[in-house]
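Observations on the three-dimensional arrangement
Next come the chains, spelled out residue by residue.
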Amino acid sequence: MRRYFARKVAIYLLTFFVAVTLNWLIPRFMPGDPVLRMLTRTSVSNPDAIAPMREYYNNVFGLDVPLWRQYLNYWAELLQGNMGISVWLFPAPVTEVILDAVPYTLALLIPSILLSWYAGNKVGALAARRKWLDNTVLPLGYALTATPYMWIAIVLAWSLAIIAGVFPVAGGYSFDLQPSWSLVFFNSLIQHWFLPFLSLFLVAFGGWAIGMRNMIIYELEADYANYLEALGAPRRLIRRYAFRNALLPQLTGLALQLGVLVAGALVTEIVFGYPGLGRLILMAIQNQDFFLLQGAFLFIVIGVLIANFVIDIVYVLVDPRTRTGMTGGAA
Amino acid sequence: MSDLAPAAREEAAPAAGGEAVSAPAVPVAAGPVAAAQPGARRTRDALHFALRNKKVVGGGIVVLAFLALGLIAPLFYDYGHSEYVGPQSSGPSGEYWFGTTTFGQDVFLQFVHGIRSTFLVGLLGGGLAALIGMTIGFVAGYVGGLVDEALNMLTNIVLVLPALAVLIILHTYIGITSVPSQALFIGIFSWPWVARAVRAQTFSLRTRDFVDLARLSGMGSGAIIRREIAPNMSSYLFMTFILLFGGSVLFAATLDFIGLGPTGVMSLGLMMNNAVHWSALQLGLWWWFLPPGLGITAIVGALYIMNVGLDEVFNPKLREM
Amino acid sequence: MSLRVDNLKVYYRTLRGDVKALDGATFTVADGEIMGLAGESGSGKSTLSKSLIRLDTRMRLVEGGVELDGKPLPIGDQDAMNAFRFKEVSLIPQYAMSALNPTRKIGKMISELLGARGVKYSEIKPELERRLDLVGLKREVLNNYPIELSGGMKQRMVLVLSTLLNPSLLIADEVTSALDVSTQRAVAETLVEFRDREFVKSMIVVTHDISLVYQIADTIMVMYAGKLAEKAPADVVVNAPRHPYTQLLISSLPEVGVRYADRKLAGIPGSPPGLLNPPAGCRFRDRCPLAFARCVEEPPFVEVDKNHHVACWKAQ
Ligand SMILES: Nc1ncnc2c1ncn2[C@@H]1O[C@H](COP(=O)(O)OP(=O)(O)O)[C@@H](O)[C@H]1O
Ligand code: SF4
Ligand SMILES: [Mg+2]
């Protein structure tokens, strides 16, 4: 088990290292120095306040220090939490801008991932090898999982918010409110949160339901299931085992899906104007705010790596084989 | 059946959902088909069952119908998809089947052009991902040892890197100007789960008698992979490609929607981007934003359903009698 | 008479038609008898053994009946059959290595299985432990996951579990083919011991390794292409077989070395007929060196000597 975690952590650290390196490498070696151009543009509109940005730039991308020095400086700045200053929200530091947005994104992602995984697995397991339920769950699941996230979001925003007027269309909370610990504000938060959450939930739910349905069918054909049937075990017991065993690949599937889920959250936020990372990225793209984009990138990488690690831990808790050190587990 | 299948599944099954595939749509558990049947007979059998499988036939018809629409329909127009040709914001009519945008562009024309890009990006992106994934999987699984370790590491890194985030950075600096280059980027980030699954299956196949036999007869590694191992996984590889195709389509739609799509090309994701950007929701121009999403859902959904059908064709155990 | 099988026909449904994998088998297995079931692969051995415990979804009971200890065995009725499984008829599957649920501790799985069959685990546990001792397994294995056991240990574990409720009939399908030679011997001897201790009344030991089954079986039954060819006491089958197929099978067995009877029969051209539309008459006809005009009629499986049944016109 120790080996299992050591391996995992090594992979995650290496991935983080690769991501940081890419993040430094790509802008550094782009022809025409786009970052410098961005700074020049900004200094026109904010001539006096540009000094700290210049310094950061020279430190990590500038030409007056040797390459390896720039790279080390980049790491040094990064480890102090400095990712530069946002051009779009000048002069706010990138880290601050992102930290303001992250809670919104997490508030969408975490509940939708957990609930869709739970509900999808339950429903998928019920449907497997049960004719009429299967005939409804299967097409519905495939339709949902084939739906682009932003389209579900668009349809929900249009039908439930604009036409029916049941939910607000855009924003993280009502325009006329200031963030505070009041019931009114909380209520507004929930109302704005629900539709984006529902979009994410629905698409992901379809995928899990189908995945579980298919896995169970395989499990019911497995040798241990056949043996139990030969020994006259009731269907119920065999299905219970099959469900439990099918959860393992579903857990690995969850790890594999993290990237897609995050992407889904980003576009959903854009549709609903929800103030998370997705909308931030959109604004950064539109304002050519490179530092902000790069910061968002690193935050997403870190988030995904942490989530992967959490899944690894859960995997060990669920799969006895990883605990006894006999197999490699999820990867 | 094959004693080795379960062992292959242990590893292969978790790859069910792909990084690029929006769902664990098909358990990638299809054990290699027993090598006993000669190839021609197997192909004939598969075709026989495929043509009788409702899911395969139904899904296939939908996909082909959209393909035909995307290929043929644009030929009947003498104006471009972005030209302002009609009245502004008008609903579906005999002349403009899917109505017009707030600028008077023909939504149906945009839609069929979008279908075209959809198939192109699916084919190229899915194809490239399949190529990379299979190559890495075969080599890692067949050669083993240090090569396997290194490739495994690479696979795991690309696997956990969130592809969209990387693409955003790449696009910002490098720019994605055409559908093929978009497909290239998508392909480069979508292969890891394929490599993993193919590796596991190759691993189990390489110790089988017929592979030993080929090796004893002096066949080279490349030839063994191509002639002995790959054919025994062909059904599985084909299904993998279908999943990658669907994944690429959804991925491209996401990029296009964020505004990171190729320039000058109409796509279904870009249509949705435009519609949201120009307040089509608030203005109630449903004919503008409903068709593109429906189109993607129909194509990708049909592909997935086809895949379940194919799974039943290739794995008789899954067929319900 | 422990087991009586009467004109049993079980076919596989396929889109091309029925595969007649078991086409009219009539035989008996006496109390205390260990019957070896031999024949090259594809001859229907597994079909016969599965029929006696659980038909899978593609199998169809066409005709015939089975009696166990004088009571009819409802093999065509999955639900009714459940009452007999494990308690009256039990199975050691070919895939013993993967027969145990990988994510449950073995003891827990057994207790859940027994609970579901209305047997109290606590009551049977002493006996379970005695039998573990008998086959040389530590009692701690009950606290292990299957993956913590070696192949041979899993094999013994399954052996103990399958026979725990003292079934009247035990079917062992190719239990030894995945094991190395010394383990094979040990498993075979354990089977005999279980019979001698009356954990099971009678056994059908399916194998394509005649030389192994010869050492433990009281009788041997040979199948060919979905039909019974010959059944007789083990030494009669080996030393004085009457069916031409059995004779070739035995004579092709070398003294040492190759043990398998399912290798291509040396010197006889051809292969067994397909079972989708098998030809009428004796199914061995095309390859039989003794075939003559009469063989286009189907030879009945008749007793030619005491306890010696053969389906061949030449043997009567
Ligand atoms: N699911 C199936 N569908 C069709 N034919 C089958 C199926 N399973 C087995 N058979 C056929 O039935 C015959 C007997 O098979 P089996 O009982 O497994 O033989 P054995 O155990 O002696 O090797 C073979 O010809 C085989 O091809
Ligand atoms: S019946 Fe005829 S063909 Fe069949 S085994 Fe006897 S002699 Fe040979
Ligand atoms: Mg068999």
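Residues numbered from 1 in each chain as written. Chains lettered and ligands numbered in written order. Predicted model: local features only at pLDDT ≥ 70, side-chain atom pairs only at ≥ 80, totals over all residues. Heavy atoms only, no water.

Each helix and strand counted, chain C has 9 helices and 12 strands in total. Judged by the C-alpha coordinates and their principal axes, chain C covers about 65 × 45 × 40 Å. Split into buried and exposed, the 316 residues of chain C put 53% on the buried side. Here the contacts in chain C between residues at least 6 apart in sequence split such that 65% fall between residues at least 24 apart. For chain C, the accessible area works out to roughly 13100 Å², and carbon and sulfur atoms hold 50% of it. When the 41 basic and 38 acidic side-chain charges of chain C are each reduced to a single mean position, those positions are 4 Å apart. (Helix = DSSP H or I, 4+ residues; strand = E, 2+ residues; numbered from the N terminus. Buried < 20%, exposed > 50% of the residue type's maximum accessible area, 1.4 Å probe, protein only. Contact = heavy atoms within 4.5 Å. Areas by Shrake-Rupley, 256 points an atom, 1.4 Å probe, with all protein chains shown as cover. Lys, Arg positive; Asp, Glu negative; His and termini not counted. Charge placed at Lys NZ, Arg CZ, Asp CG, Glu CD.)

Looking now at the UniProt feature "transmembrane region" (unreviewed entry) in chain A. When the UniProt feature table is mapped to this numbering, "transmembrane region" (unreviewed entry) covers residues 9–26, 101–119, 140–170, 190–210, 246–272 and 292–318 of chain A. Along residues 101–119 of chain A one finds 100% helix and 0% strand; the C-alpha atoms at either end are 28 Å apart. (UniProt positions renumbered as here; feature names shortened; annotations may be inferred.)

It is worth spelling out the packing of helix α7 (residues 149–163) of chain A against helix α14 (residues 286–314) of chain B at this point. Across the interface, α7 of chain A lies against α14 of chain B with an axial gap of 10 Å and an inter-helix angle of 145°. Crossing hand, α7 of chain A versus α14 of chain B: left-handed. The residues of α14 of chain B that touch α7 of chain A, namely those facing W151, I154, V155 and W158 of chain A, are W286, F289, L290, G293, L294 and T297 of chain B. Grouping the constituent residues of the contact of α7 of chain A with α14 of chain B by class yields 8 nonpolar, 2 polar and no charged. (Axes fitted to C-alpha atoms, helices over the stretch in contact; angles between N-to-C directions. Left-handed = near helix turned anticlockwise from the far one by under 90°. Nonpolar A, V, L, I, M, F, W, Y, C, P; charged D, E, K, R; others polar.)

To continue, consider the pairing of strand β3 (residues 34–38) of chain C. All names here are of chain C. When you tally the buried positions in β3, you get 5 out of 5 residues, the bulk of the element. Judged by which residues are buried, β3 turns out to be covered on both faces: I34, G36 and A38 on one side and M35 and L37 on the other are all buried. By the bridge criterion, 4 bridges tie β3 to strand β8 (residues 202–206) in an arrangement that is parallel. Following the sheet pairing, G36 is matched in β8 by V205. Where β3 meets strand β9 (residues 219–224), 4 bridges bridge the pair, whose relative direction is parallel. Directly across from G36, in β9, lies its bridge partner I220. (Pairing = 2+ DSSP bridges.)

Tallied over the entire structure, the rule returns 28 salt bridges over all chains. Across the pair K55 of chain B and E312 of chain B runs a salt bridge whose closest N-O atoms are separated by 2.7 Å. Residue K55 of chain B is located in helix α3 (residues 54–72), and its partner E312 of chain B is located in helix α14; the two are separated by 257 residues in the primary sequence. Judged by its relative accessible area of 24%, K55 of chain B is partly exposed. Given the relative accessible area of 12%, E312 of chain B is considered buried. With a closest N to O distance of 3.4 Å, R139 of chain C and E129 of chain C form a salt bridge. (Salt bridge = Lys/Arg side-chain N within 4 Å of Asp/Glu carboxyl O.)

In this structure, V119 of chain C sits in the loop between α3 (106–116) and α4 (121–134). In this structure, V119 of chain C is in contact with K87, L114, I124 and L165 of chain C, ignoring residues within four places of it in sequence.

A word on the sheet that holds strand β7 (residues 169–173) of chain C. Residue and element names in this part refer to chain C. An order of β6-β7-β8-β3-β9-β10-β12-β11 is seen for the 8 strands of this open sheet, with the pairing classed as mixed. One side of each edge strand has no neighbouring strand; the edge strands of this open sheet are β6 (89–92) and β11 (302–305). Across this sheet, the average inter-strand angle for adjacent strands is 25°, counted without regard to direction. Relative to strand β10 (residues 227–233), β9 runs antiparallel, the two sharing 6 bridges. Paired with V222 across the strands is E230, a residue of β10. In the packing of helix α5 (residues 151–162) onto the sheet, contacts are made with β6 and β7, and the angle to β6 comes to roughly 175°.

Further remarks concern the site of ligand 2. Close to ligand 2 lie 13 residues; C282, C288, C295, C312 and W313 of chain C are nearest. Taken together, the residues of the shell around ligand 2 sort by class into 10 nonpolar, 1 polar and 2 charged. (Near = heavy atom within 4 Å.)

Turning our attention to the packing of aromatic side chains. Summed over all chains, the structure comprises 27 aromatic pairs over all chains. Here the aromatic rings of W193 of chain A and F197 of chain A are separated by 4.5 Å at their centres, their planes lie at 15°, and the arrangement is stacked. Here F197 of chain A and W193 of chain A lie together in helix α8 (residues 183–220), a separation of 4 residues that amounts to about one turn. Seen from their ring centres, F194 of chain C and F199 of chain C are 4.9 Å apart, and the 80° between their planes marks the pair as edge-to-face. Take F199 of chain C: its relative accessible area is 10%, and that puts it in the buried class. Every member of this aromatic cluster is reached through a ring pair, and the members are F167, W193, F194, F197, F201 and F205 of chain A. (Phe/Tyr/Trp six-rings, centres within 6.5 Å; stacked < 30°, edge-to-face > 60°.)

This part takes up the site of ligand 1. Residues and elements named next belong to chain C. In the vicinity of ligand 1 there are 13 residues, among which G42, G44, K45, S46 and T47 approach most closely. Between ligand 1 and the protein, one listed contact pairs an oxygen atom with a backbone N or O atom of G44 at 3.1 Å. Contacts to ligand 1 include S46, whose side-chain N or O atom sits 2.7 Å from an oxygen atom. Isolated, ligand 1 exposes 560 Å² of accessible area, and the fraction of that covered by the protein chains is 68%. Those elements that place two or more of their residues in the shell around ligand 1 are β1 (3–14), β2 (17–29) and α1 (45–51). Take the shell around ligand 1: its biggest share by element is 3 residues, from α1. Broken down by class, the residue content of the shell around ligand 1 amounts to 4 nonpolar, 7 polar and 2 charged. (Polar contact = N/O pair within 3.5 Å; in protein donor to acceptor, adjacent residues only side chain to side chain.)

Moving on, we come to the interface of chain A and chain C. Contact residues are listed per partner, giving 24 residues for chain A and 27 residues for chain C. Here chain A packs against chain C, burying approximately 2300 Å² in sum over the two surfaces, 62% of which is carbon and sulfur. Contact with chain C buries area across many residues of chain A, yet Y227, L231 and Y241 of chain A alone supply 29% of it, more than any other trio. A salt bridge links R240 of chain A to E112 of chain C; the shortest N-O distance between them is 3.0 Å. Where chain A packs against chain C, one counts 11 residue pairs in polar contact (both at pLDDT 80 or more). Looking at the side of chain A that touches chain C, the elements with two or more residues in it are α9 (223–230), α10 (235–272) and α13 (320–323) of chain A. In terms of residue count, α9 of chain A provides more of the side of chain A that touches chain C than any other element does, 7 residues in total. (Buried area = accessible area lost by both parts, 1.4 Å probe.)

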